[in-house]
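So the chains spell out like this:
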Amino acid sequence: SQKIEQNSEALNIQEGKTATLTCNYTNYSPAYLQWYRQDPGRGPVFLLLIRENEKEKRKERLKVTFDTTLKQSLFHITASQPADSATYLCALDSSNSGYALNFGKGTSLLVTP
Amino acid sequence: EAEVAQSPRYKITEKSQAVAFWCDPISGHATLYWYRQILGQGPELLVQFQDESVVDDSQLPKDRFSAERLKGVDSTLKIQPAELGDSAMYLCASSLSDSGNTIYFGEGSWLTVV
């Protein structure tokens, strides 16, 4: 069966450090992978999309890598700030009839001053 | 910036009662999704519409859940009868098309079944 695995344990880091979150998947052949941010009680917000033929993508302090051989994506936040504290969700297209996104459980990030 | 509108924001209902959620997607978005998110889990797709047609409802518990998007714009998700295990956040989302596009989520409708 298809699986998207993200670190279930919360990640606690100090302000200014780089946070690295991991997304591993099995039984997917995704054309692209997306990362979303979710604050408590709110809907997810899109951050970055990376396509299967792209190795790395950057947006401001965010960097995403995509290794289709390892079936893994890494999500980095450099110079982290307390405002970056949230849950980060990895999502893949399901390749079902509608190509809807399937989401991982998310990793909770806490950045302390 | 255009948003996906959902209502109600919060709903408490008794077991076996009916409940309905409404969603108005971003104007021009052909694809509309309903997801369910249990606390501590990621969103799980319930149903996907392309315009007014259902594209995927394989994970929708059809004995008690129904969804419609009659004119291809706004959508309603209904649960009847509600069960305790239905307590969750129901997220509506939309995108321009069904592949390779950003999905925009609403703020969600929190359902508590007592």
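Analysis parameters
Residues numbered from 1 in each chain as written. Chains lettered and ligands numbered in written order. Predicted model: local features only at pLDDT ≥ 70, side-chain atom pairs only at ≥ 80, totals over all residues. Heavy atoms only, no water. Helix = DSSP H or I, 4+ residues; strand = E, 2+ residues; numbered from the N terminus. Rg over C-alpha atoms; globule rule 2.2 N^0.38 Å. Buried < 20%, exposed > 50% of the residue type's maximum accessible area, 1.4 Å probe, protein only. Contact = heavy atoms within 4.5 Å. Buried area = accessible area lost by both parts, 1.4 Å probe. Salt bridge = Lys/Arg side-chain N within 4 Å of Asp/Glu carboxyl O. Nonpolar A, V, L, I, M, F, W, Y, C, P; charged D, E, K, R; others polar. Pairing = 2+ DSSP bridges. Disulfide = S-S within 2.5 Å. Core = buried A, V, L, I, M, F, W, Y, C linked by side-chain atoms within 4.5 Å.

Visitor: Before we go on, may I ask you to explain the overall build of chain A in this structure?
Guide: Each helix and strand in chain A was counted, giving zero helices and 11 strands. In chain A, the succession of α and β elements from N to C terminus is β-β-β-β-β-β-β-β-β-β-β. The C-alpha atoms of chain A give 14 Å as radius of gyration, which agrees with the globular expectation for 113 residues (13 Å, within 12%). Here the C-alpha coordinates of chain A stretch approximately 45 × 30 × 20 Å along the principal axes. Per-residue burial over chain A gives 44% buried out of 113 residues.

Visitor: Teacher, can you tell me more about the interface of chain A and chain B here?
Guide: Frequently, the measure chosen for interface size is the accessible area removed from exposure when the parts meet. Counting residues at the interface gives 21 residues for chain A and 24 residues for chain B. Summed over both sides, the interface of chain A with chain B buries roughly 1700 Å², with 49% coming from carbon and sulfur. Where Glu107 of chain B meets Arg42 of chain A, a salt bridge forms, and the shortest distance between an N and an O atom there is 2.6 Å. Elements represented by at least two residues in the side of chain A that touches chain B include exactly strand E4 (32-38), strand E5 (45-51) and strand E10 (101-103) of chain A. For the side of chain A that touches chain B, the per-class residue count stands at 10 nonpolar, eight polar and three charged.

Visitor: Where do I start with the pairing of strand E11 (residues 109-113) of chain B in this structure?
Guide: Looking along a regular strand, one sees side chains alternate from face to face of the sheet. All names here are of chain B. Side chains Ser109, Leu111 and Val113 of E11 all project onto a buried face; the interleaved residues Trp110 and Thr112 project onto a face where none is buried. Of the pairings in the sheet, the one linking strand E2 (residues 10-13) to E11 comprises four bridges and is parallel in character. Considered in E11, the bridge of Tyr10 is made with Trp110.

Visitor: What is the right way to look at the pattern of salt bridges in this model?
Guide: Any two side chains of opposite charge can pair, given that their charged atoms come close. Scanning all chains against the criterion turns up nine salt bridges over all chains. Salt-bridge contacts for Arg61 of chain A lead to Asp84 of chain A; the nearest nitrogen and oxygen are separated by 2.9 Å. In this pair, Arg61 of chain A sits in the loop between strand E6 (56-59) and strand E7 (62-67) while Asp84 of chain A sits in the loop between strand E8 (72-77) and strand E9 (86-93), placing the two residues 23 residues apart along the sequence. On the accessibility criterion, Arg61 of chain A (25% relative accessible area) is partly exposed. On the basis of relative accessible area, Asp84 of chain A is assigned to the buried category, the value being 7%. A salt bridge links Asp86 of chain B to Arg64 of chain B; the nearest nitrogen and oxygen atoms lie 2.6 Å apart. Of this pair, Asp86 of chain B sits in the loop between strand E8 (75-79) and strand E9 (88-95) while Arg64 of chain B is found in the loop between strand E6 (53-56) and strand E7 (65-68), placing the two residues 22 residues apart along the sequence.

Visitor: Any chance you could explain the state of the cysteines here in plain terms?
Guide: Simply put, disulfide is the name for a covalent bond between the sulfur atoms of two cysteines. For the structure shown, the criterion picks out two disulfides over all chains. Here Cys23 of chain A connects covalently by a disulfide to Cys90 of chain A, the sulfurs 2.0 Å from one another. On the sign convention where negative is left-handed, the bridge of Cys23 of chain A and Cys90 of chain A, at about -65° about the S-S bond, is left-handed. Here Cys23 of chain A is found in strand E3 (residues 19-26), whereas its partner Cys90 of chain A is found in strand E9, with 67 residues between them in sequence. What makes Cys90 of chain A buried here is its relative accessible area of 0%. Covalent S-S linkage joins Cys23 of chain B and Cys92 of chain B, the inter-sulfur distance amounting to 1.9 Å. Judged by the sign of its S-S torsion, about -70°, the cystine formed by Cys23 of chain B and Cys92 of chain B is left-handed. Taken together, the residues span a long stretch of sequence, with Cys23 of chain B in strand E3 (residues 19-24) and Cys92 of chain B in strand E9 at a distance of 69 residues.

Visitor: Where do I start with the nonpolar core in this structure?
Guide: In globular proteins that are soluble, nonpolar side chains generally tend to be buried together. Residue and element names in this part refer to chain A. One finds Leu33, Trp35, Phe75, Ile77, Tyr88 and Leu109 to be the most contacted residues of the largest nonpolar core, which totals 23 residues. Taken together, the elements giving at least two residues each to this core come down to E3, E4, E5, E7, E8, E9 and strand E11 (107-112). In this view, Leu109 contacts Leu11, Ile13, Ala19, Ile77, Asp84, Ser85, Ala86 and Tyr88; residues no more than four positions away in its chain are not counted.

Don't take any of this as a statement about function, it's just geometry.
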